Amino acid sequence: MKSDQRSPTMNETHQLSERTGARLAPVKALVLFDGVCGLCNKFVQFVLNHDSQGRFHFASLQSDLARELLARHGKNPELLKTVYLVINPGTSDEKLYSKSAAALRIFGELEGPTKALKVFLIVPAPLRNVGYDLVAAVRYKIFGKSDTCPLPKASDRARFLDV
């Protein structure tokens with residue numbers, strides 16, 4: 001399966017809970033990230049600082065929300081080695097991207113020079129993900145790991161769906 005495409009194993013009959021569906025109603029792009037990873041939290045802060053239009057919302061992979069969404073795609077939320085981007089979460093048009101496909105699509109929607117990184121989507125996913133996987137393997141050693149997910153600033157709290 002290409003990580004750039006919609007997961008063919010998405011279980012559209014797996015209904016989201018009423019609470020999850022209500023939280024997702026206004027959301028068009030949801031970033032699922034490892035909430036205890038130092039690098040992942042820096043990435044989320046970068047996105048917040050370069051997304052003045054508020055396109056992206058966030059939830060940690062450790063949340064019930066992430067578990068529900070990932071179950072629809074047959075993904076294991078216990079595997080914390082990727083960031084996910086969910087486009088149109090909770091709808092029949094829901095698309096899930098992971099690893100470099102997710103990161104590059106996110107960067108491509110931000111203000112500033114990172115927008116240009118989207119061009120790397122032309123590189124085949126297996127090649128892009130070699131580098132992604134190398135960073136993922138050492139991210140805790142280099143950037144650290146928290147015991148808990150840090151709380152967002154009050155001004156950003158509405159963009160976090162699991163707080």
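This text gives an overview of the structure that appears in the document. Counting restarts for each chain: residues are numbered from 1 in the order of the written sequence. Selection of residues for local features in this predicted model requires a pLDDT of at least 70, selection of side-chain atom pairs for listing and counting requires 80 or more, and totals for whole chains, interfaces and linings are taken over all residues. Just so you know, side-chain values use all the structure's heavy atoms and leave hydrogens and water out.

Attention now moves to the overall build of the protein chain. The number of helices and strands found in the protein chain is 5 helices and 4 strands. In this text, helices come from DSSP runs of H or I with a minimum length of four residues, and strands from runs of E with a minimum of two, each type numbered from the N-terminal end. Seen in sequence order, the protein chain has helices and strands lined up from the N terminus as α-β-α-β-α-β-β-α-α. Carbon and sulfur atoms make up 59% of the accessible area of the protein chain, which amounts to about 8,800 Å² in all. Residue exposure ignores everything except the shown protein chains as possible cover, and the areas themselves are Shrake-Rupley values with a 1.4 Å probe.

We now examine the sheet that holds strand S4 (residues 95-98). Two strands form a pair only when DSSP identifies at least two bridges running between them. Here we have 4 strands laid out as an open sheet, ordered S2-S1-S3-S4, and mixed in their pairing. A strand with exactly one partner marks an edge of an open sheet, and here the two such strands are strand S2 (56-60) and S4. In this sheet, neighbouring strand axes are inclined to one another by 25 degrees on average, regardless of whether the strands run parallel or antiparallel. By the bridge criterion, 5 bridges tie strand S1 (residues 29-33) to S2 in an arrangement that is parallel. Of the residues in S2, the one forming a bridge with Phe-33 is Ser-60. In what follows, residue pairs with any heavy atoms lying within 4.5 Å of each other are defined as contacts. Between N-to-C directions, angles span 0 to 180 degrees; the directions come from axes that are lines fitted to C-alpha atoms, helices contributing only their stretch in contact. Across the sheet, helix H4 (residues 99-109) lies against S1, S2, strand S3 (84-87) and S4, angled at about 105 degrees from S4, the strand it touches most.

Among the 5 residues of S1, 5 are classified as buried, and the element is accordingly described as predominantly covered. Each residue gets one of three labels from its accessible area relative to the maximum for its type: buried under 20%, exposed over 50%, partly exposed in between, using a 1.4 Å probe on protein chains only. Of the two faces of S1, the one lined by Ala-29, Val-31 and Phe-33 and the one lined by Leu-30 and Leu-32 are each fully buried.

The next point concerns unusual backbone geometry. One non-glycine residue, Asn-88, lies in positive phi territory at about 50 degrees. For Asn-88, the position within the fold is in the loop between S3 and S4. Within the chain, Lys-99 stands out as a residue other than glycine whose phi angle is a positive 50 degrees. Within the element layout of this structure, Lys-99 appears in helix H4.

Bringing a nonpolar patch on the surface into the picture now. By definition, no residue in a patch forms a salt bridge, and every one has over 30% relative accessible area; like charges are joined within 9 Å, nonpolar side chains (Val, Leu, Ile, Met, Phe, Trp, Tyr) within 5 Å. Salt bridges are counted wherever a side-chain nitrogen of Lys or Arg sits within 4 Å of a carboxyl oxygen of Asp or Glu. A cluster of nonpolar side chains, Leu-117, Val-119, Phe-120 and Ile-122, forms an exposed patch at the surface whose accessible area comes to about 390 Å². Along the chain, Phe-120 falls in the loop between H4 and helix H5 (125-143).

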